[in-house]
Amino acid sequence: MNARLRFVFLGLIALSAAIATAAVMMLATGGPGPRPAAAGDVGGAFALTDQDGRRVTEADFRGRYLLLFFGFTNCPDVCPLTLQRIADALSAHPALKEKLTPVLVTVDPERDTPAKLKEYVGFFGPEFRALTGTPEEIAAVLKAYKVYAKRTELPGSALGYTMDHSSLIFLYGPDGAFVTAFDPTLDATALGNEMERIVR
Ligand code: NI
């Protein structure tokens, strides 16, 4: 097949894989709500760099709920909209901020430096943190958390490339155990109510 057809074909395969992964995860989590962690749940150890340039691991978040979202600062739509919904949900339930830390993990470590992430998450609120790392560190985290992310070139655009990525919101308990994955399209009210119901 010619190059263009081949490109479209590979794109369809990647899209199908992303949709299948998302569908399996929604089935596996049974929708929003607390449930015991089980083998096969997403997550695990990580060692990354935060928006202040400090090295952090998953253990640094123990004692608090961890709301993890994967994205990147140049994302034109899904990421900023999702982060704004998280921010709005937390504003509607300020007590949640005492017990929960929202964290953006970049899928674009080449461009998302700590300084860039700090400025970006600052738009959404001081409670937000952000993590980056070397491309190898980020690749390992994406694999552990079963996050799909793929660089797509944007010829002729000043951006150069974009990142296609899956965008579930993961919630981990104070003990580090997986609690649930939220549909990122939940509106701020629904997301806030779900978090309020779970976080104690
Ligand atoms: Ni995005």
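Everything here concerns the structure above.
What comes next is a walk through the structure. (Residues numbered from 1 in each chain as written. Predicted model: local features only at pLDDT ≥ 70, side-chain atom pairs only at ≥ 80, totals over all residues. Heavy atoms only, no water.)

**Some details on the layout of surface pockets**
Over the atoms rolls a probe the size of a water molecule, and in doing so it shows where empty space is left. Looking at the second largest pocket, its volume works out to about 200 Å³. As for the second largest pocket, its lining consists of 13 residues, and the residues nearest its centre are V107, P109, E110, R151 and M163. Those elements that place two or more of their residues in the lining of the second largest pocket are helix 5 (135–144), strand 6 (149–153) and strand 7 (161–165). Examining the composition of the lining of the second largest pocket, we find that four residues originate from one element, helix 5, more than from any other. (1 Å grid on protein atoms, 1.4 Å probe; cavity = no way out; pocket = protein on both sides within 12 Å on 5 of 7 lines; lining within 4 Å. Points joined across faces, edges and corners; volume = space filled by probe spheres on them. Helix = DSSP H or I, 4+ residues; strand = E, 2+ residues; numbered from the N terminus.)

**Considering the packing of helix 2 (residues 78–92) against helix 6 (residues 188–198)**
Packing of helix 2 against helix 6 leaves a shortest axis separation of 8 Å and a crossing angle of 55°. Taken together, the axes of helix 2 and helix 6 are oblique relative to one another. The handedness of the crossing between helix 2 and helix 6 is right-handed. Within the contact between the two elements, helix 2 uses R85, I86, D88, A89 and L90 and helix 6 uses A188, L191, G192 and M195. Broken down by class, the residue content of the contact of helix 2 with helix 6 amounts to six nonpolar, one polar and two charged. (Axes fitted to C-alpha atoms, helices over the stretch in contact; angles between N-to-C directions. Parallel < 35°, antiparallel > 145°, perpendicular 65-115°, else oblique. Left-handed = near helix turned anticlockwise from the far one by under 90°. Contact = heavy atoms within 4.5 Å. Nonpolar A, V, L, I, M, F, W, Y, C, P; charged D, E, K, R; others polar.)

**Describing unusual backbone geometry**
Non-glycine residue K146 carries a positive phi angle of around 55°. Within the secondary structure, K146 is located in the loop between helix 5 and strand 6. Taking the relative accessible area as the measure of exposure, K146 reaches 41% and is therefore partly exposed. (Buried < 20%, exposed > 50% of the residue type's maximum accessible area, 1.4 Å probe, protein only.)

**What about the coordination of the nickel ion?**
Coordination of the nickel ion by the protein is provided by C75 (SG), C79 (SG) and H165 (NE2), with metal-donor distances spanning 2.1 to 2.3 Å. Sequence positions of the residues that donate to the nickel ion give the spacing C-x3-C-x85-H. Pair noted here: C79 is in helix 2 and H165 is in strand 7, with a separation of 86 residues, a long-range link. When sorted by exposure, C79 lands in the same class as H165, which is buried. (Donors = N, O, S within 2.8 Å, 3.2 Å for Na, K, Ca; no water.)

Take it as geometry only, folks, not as evidence of what the structure does.
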